[in-house]
Amino acid sequence: MSRHPRLAAAAGAAVALTVLAAGPASAGDPTVTDPRVVAHFDFAAGQNAENIALEPDGSADITFAFAHQVARVTRQGETTILATLPEVPDAQTPVGGAVALGIARAHDGTLYVTYATGRKETGIWRIPPGGGTPEQIGFFPADAFPNGLALDEKCGTLYTADTRLGRVWSLPVTGGEPTAWATGAALEPTAEVPFGANGLKVHDGAVWVSNTAQGTLLRIPVRKDLTAGPTETRATGLDFIDDFDFTGHGDTVLAALIMADKLELVRPDGTHKTVLTGTDGLDDPTSVAVRHKTVYVNSAAFFNTLDPDPNLLLATLSKNKL
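Residues numbered from 1 in each chain as written. Predicted model: local features only at pLDDT ≥ 70, side-chain atom pairs only at ≥ 80, totals over all residues. Heavy atoms only, no water.

Of the residues in the protein, 91% have a pLDDT of 70 or more, and the chain-wide mean is 92. Predicted confidence is poor over residues 1-6, with pLDDT under 50, and the contacts of this stretch with residues over four places away or in other chains come to 25 contacts. (pLDDT = per-residue confidence, 0-100. Contact = heavy atoms within 4.5 Å.)

The tally for this structure, following the rule as stated, stands at 12 salt bridges. With its nearest N and O atoms 3.3 Å apart, the salt bridge here joins Arg-36 to Asp-34. A salt bridge links Arg-234 to Asp-251, with the shortest nitrogen-to-oxygen separation between them at 3.6 Å. Taken together, the residues Arg-234 in strand S17 (residues 232-235) and Asp-251 in the loop between strand S18 (241-246) and strand S19 (253-257) connect sequence positions 17 residues apart. Look at the salt bridges and you will find they share partners, linking Glu-55, Asp-61, Arg-72 and Arg-105 into a network. (Salt bridge = Lys/Arg side-chain N within 4 Å of Asp/Glu carboxyl O. Helix = DSSP H or I, 4+ residues; strand = E, 2+ residues; numbered from the N terminus.)

Our focus in this paragraph is the sheet that holds strand S4 (residues 69-73). Taken together, the 4 strands give an open sheet; going across it, the order is S2-S3-S4-S5, and neighbouring strands pair in antiparallel fashion. The two strands at the open ends of the sheet, each matched to only one other strand, are strand S2 (49-54) and strand S5 (79-84). Strand-to-strand twist of the sheet, defined as the mean angle between neighbouring strand axes without regard to direction, takes the value 25°. In this structure, strand S3 (residues 60-64) lies alongside S4, joined through 5 bridges in antiparallel fashion. (Pairing = 2+ DSSP bridges. Axes fitted to C-alpha atoms, helices over the stretch in contact; angles between N-to-C directions.)

A separate point is the packing of aromatic side chains. Applying the stated rule across the entire model yields 8 aromatic pairs. Where Tyr-159 meets Trp-181, the ring centres are 5.1 Å apart and the plane angle is 65°; that geometry is what we call edge-to-face. Separated by 22 residues along the polypeptide, Tyr-159 in strand S11 (residues 157-162) and Trp-181 in strand S13 (residues 179-182) bring together distant segments of the chain. Judged by relative accessible area, Trp-181 falls into the buried class, the value being 11%. Ring geometry for Phe-244 and Phe-246: centres 6.1 Å apart, planes at 80°, overall edge-to-face. (Phe/Tyr/Trp six-rings, centres within 6.5 Å; stacked < 30°, edge-to-face > 60°. Buried < 20%, exposed > 50% of the residue type's maximum accessible area, 1.4 Å probe, protein only.)

This is the structure we're talking about:
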């Protein structure tokens, strides 16, 4: 597969990571069936589908990376642009220009989006319910690359993974400058792969983070005083893992492996198996969202220059019982 020119330099530095053998299939594994692509996006217009937040009606709010847009896509594939982040002259990031990345939704419909620009616009932007003019509320260092984003409404905190600096930032929903909430080698990129902490979710009293360079899934407990506990490695061998989500089956995860065109099911013991591939419609999958019996997977087609197909795929999730 040819690589997208805007990411060629970064992707060219990537090397294969050590792959751990997937554990044996379990009768209790959730199953993912009936994959179908419901929406195709405009690659030439920069509509590389990056991250997902879900609406109560099952629509998906999606960031379009290089178009700097947020779109709402119904389960039938109807697409509406909700907001466009401002153009940033002379933007410079590890993937080229400015890029819209993570997205999180508050219960009132407010959307929060991470924006990496290499300039003062880098940070978290807020979009009013129903769409409208974005407003920057989080002011990050220019060399930060805020990526995966999650909102803990109980404590009024936004958490974001910094892929370039290898840390997790926290920011009050009221805005301001972020705090380096969690740091350490487990979150950092490597010399070969310059993309570290990437996807992020808040789940069951902890912040979970994927590390693309190290192929790991991490859990960071949130202490009672809201500080970060010690980072735990929960799974390894997840080559070029991007974002992920929980199936609702305890700590079982579905993870997007961007370079392999795979959706991986990761069990609580860290073993994992492939449940969807490129033959199902994945094209550089970047993110996953799960609600009830539906799995949503974004494909960005970042690296495909032959026949790129950025899209939204839906599948059916069945939670098997032992």
